[in-house]
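# Fold and contact review
The chain contents come next:
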Amino acid sequence: MSSVVSSQRVLSGMRPTGRLHLGHYHGVLKNWVRLQHEYECFFFVADWHALTTEYENPQRIEQNVWEMVIDWLAAGVNPGSCTLFIQSRVPEHAELHLLLSMMTPLGWLERVPTYKDQQEKLKEKDLATYGFLGYPLLQSADILMYRAGLVPVGADQVAHVEITREVARRFNHLYGREPGFEEAVAAAVRKMGKKQAKVYQDNRRKYQEQGDESALETARALVMDQQNITLGDRERLLGDLEGGGKVILPEPQALLTPASKMPGLDGQKMSKSYGNFISLREEPDSVDEKIRRMPTDPARVRRTDPGNPDNCPVWQLHQVYSDEQTRQWVREGCTTAGIGCLDCKKPVVEAVQAELEPIRRRAEEHTRNPDLVRSIVADGCEEAREAARATLEEVRSVMGLNYR
Ligand code: TRP
Ligand code: SF4
């Protein structure tokens, strides 16, 4: 991991929805492939999250898991540069989820916008379940388990990272204190003497109630100046000033995945449910055909009618795949009826074929070699478990659960 520049960990997951398409590639996967060289990355299949909505038909999940992993590998997610695993194979996630559930107010979960939104959207499913309400908290456990600093997600998942931050803050507040912390702080404050103790308390209050940073600075300086308190006291007072104790579960940040600029074949966002996608393993003939059949500017009925690229989904693909020169050629040729739509589509077809060729080849290799895929994932799960066990060990310990 010599090329890793930051000590921050990155963690992200995807629900197993089966084969991925170019929208996933241009949105999420290219981003992961870049991140894996810059950070220590954990990427996982969120199969339990899939179960929150697919519990009536769980048999489908297994195949979706393996197809998705093969697509990740084919797209260049490299098990040599990151850790790939399956959530349910790291059962520690369930224990952390349970422990976090003890201190998570119900209202926090009920107020997450996706809770009501998804229930509305997936009306055919009964999502008035305990598991579905806990979806964001399970996600918090996924993230906090690896003490991830950065969580690449789409805009729809930002609220889940936000609740994770709140859960972490509450956890640290409740358990990041040694037993007797409050008493030890009170004793240390008394050692300062009446006058200075009052200055300390006043500034602490100003900072905690009004966010007054200069009050925090004043109080800190005062603590640093104390001659007759111990080093431990000093640490406690500094922790007390900021209103917390030790950070056991650090608060993560969402790393917003730029919205995929990949349009679908009809100009809408590329999506499985719209049926307007090109899958990562689409056969060359099918790629040709799908693009050949794409609708173009509806005003261009005959070859001799000039068109307007701004009204054409093919033009959007040129934005993704073509250089400036080709785009000039399209604008000029389209608006003057100098080129036909099939001419115009040709460079796009070629670019998509060139992009998919190595992906398809790698997917085929992995499909022929399921044992290799299983062993990549098994190694990843083992690595993930090691990290997960270390966190859980500490979590159990601060919660007073490490008795045997
Ligand atoms: N809920 C995420 C999604 O639907 C998937 C997910 C589960 C996830 N756990 C995660 C993403 C942890 C990031 C971090 O896309
Ligand atoms: Fe669309 Fe190209 Fe046809 Fe113009 S020439 S309408 S941009 S496909």
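All residue numbers refer to position in the chain's written sequence, counted from 1. Each chain takes a letter, starting from A, and each ligand takes a number, starting from 1, following the order in which they are written. Two thresholds apply to this predicted model, a pLDDT of at least 70 for residue-level local features and 80 or more for giving and counting side-chain atom pairs, whereas whole-chain, interface and lining totals are computed over all residues. In computing side-chain values, all of the structure's heavy atoms are included and hydrogens and water are not.

In the neighbourhood of ligand 2, the contacting residues comprise T296, D297, R300, C312, V314, V330, C334, C341 and C344. As defined here, a cavity is a set of points on a 1 Å grid over the protein atoms alone where a 1.4 Å probe fits but cannot get out. A pocket is an open set with protein on both sides within 12 Å along at least five of seven lines, and residues line them when an atom is within 4 Å of a point. Molecule-in-pocket calls rest on the fraction of atoms, with more than half required to lie within 2 Å of the cavity or pocket grid points. Most atoms of ligand 2, that is more than half of them, are within 2 Å of grid points of the largest cavity. When residues of the shell around ligand 2 are traced back to their parent elements, those giving at least two are α16 (324-335) and α17 (341-368). Polar here means any residue outside two lists: the nonpolar Ala, Val, Leu, Ile, Met, Phe, Trp, Tyr, Cys and Pro, and the charged Asp, Glu, Lys and Arg; Gly therefore counts as polar. Classifying every residue of the shell around ligand 2 gives 6 nonpolar, 1 polar and 2 charged. If even one non-hydrogen atom of a residue comes within 4 Å of a molecule or strand, that residue is called near it. Each helix is a run of H or I in the DSSP string that is no shorter than four residues. Each strand is a run of E no shorter than two, and both are numbered from the N terminus.

Surrounding ligand 1, one finds 14 residues, the nearest of these being R15, Y135, Q139, D142 and Q157. The contact in question runs from a nitrogen atom of ligand 1 to an N or O atom on the side chain of Y135, over 2.7 Å. Polar contacts, as counted here, are pairs of nitrogen or oxygen atoms within 3.5 Å of one another; within protein the pair requires one atom able to donate a hydrogen and one able to accept it, and residues that are adjacent in sequence qualify only if both atoms are side-chain atoms. A distance of 2.9 Å separates a nitrogen atom of ligand 1 from a polar side-chain atom of Q157. Reported accessibility uses the Shrake-Rupley method at a 1.4 Å probe radius. Residues are deemed covered only where the shown protein chains occlude them. Protein chains shield 93% of the accessible area of ligand 1, which is 370 Å² for the free molecule. Where the shell around ligand 1 is concerned, the elements lending two or more residues are β1 (9-14), α8 (135-145) and β4 (150-153).

By nonpolar core we mean a set of buried residues, namely Ala, Val, Leu, Ile, Met, Phe, Trp, Tyr and Cys, connected to one another through side-chain atoms within 4.5 Å. Think of it in three bands: with a 1.4 Å probe and only protein chains considered, a residue is buried below 20% of the maximum accessible area for its type, exposed above 50%, and partly exposed in between. Ranked by internal contacts, the top residues of the largest apolar core, which has 94 residues, are L22, L29, F43, W72, L100, Y146 and V352. In terms of residues, this core owes the most to one element, helix α3 (residues 59-75), which gives 10 residues. The split of the chain into domains comes from an automatic or database domain assignment. Among the domains, domain 1 (3-175 + 252-261 + 370-398) and domain 3 (281-366) are the pair contributing at least three residues each to this core. The criterion used for residue contact is that any of the two residues' heavy atoms lie within 4.5 Å. Not counting residues up to four positions away in its chain, the partners in contact with L22 are M262, M270, I278, L280, Y321, V352, E355 and L356.

What helix α10 (residues 181-191) keeps buried is the set F181, V185, A188 and V189. End-on view of α10: buried residues confined to an arc of 100°, all on one side of the axis. Across α10 from its buried face, at more than 90 degrees, point the exposed residues E183 and R190. Looking at the packing, one finds that the buried side of α10 touches α11 (194-210) and α13 (231-241). Positioned one or two residues after α10, G193 has a phi angle of 95°, which is positive. Picture the helix axis, draw a direction to every C-beta atom, and the arc is the one those directions span.

This part covers the packing of aromatic side chains. Between two aromatic rings, the relevant description is the distance of the centres plus the angle of the planes. Think of it this way: a Phe, Tyr or Trp ring, Trp meaning its six-membered ring, pairs with another when their centres are within 6.5 Å, and the plane angle makes it stacked under 30 degrees, edge-to-face over 60, tilted otherwise. Considering all chains together, one arrives at 8 aromatic pairs under this definition. Centroid distance F44 to F85: 5.2 Å. Interplanar angle 15°. Geometry classified as stacked. Pair noted here: F44 is in strand β2 (residues 40-45) and F85 is in strand β3 (residues 82-86), with a separation of 41 residues, a long-range link. By the burial criterion, F44 is buried, and F85 matches it. Taken together, a centroid distance of 5.5 Å and an interplanar angle of 45° make the contact between F85 and Y146 tilted. You can see F85 sitting in strand β3 and its partner Y146 sitting in the loop between α8 and β4, a full 61 residues away along the chain. For the pair F85 and Y146, a shared accessibility class is recorded, and that class is buried. Taken together through their ring pairs, the aromatic side chains of F42, F44, F85 and Y146 make up a single cluster.

With respect to burial, β3 is a largely interior element, 5 of its 5 residues being buried. Neither face of β3 is left uncovered, since the one carrying C82, L84 and I86 and the one carrying T83 and F85 both have all their residues buried. Strand pairing is defined by DSSP finding a minimum of two bridges between the two strands. For β2 and β3, the ladder comprises 5 bridges, and the chain directions are parallel. Bridging across to β3, F44 finds its partner in F85.

Keep in mind that these numbers describe shape and distance, not what the molecule does.
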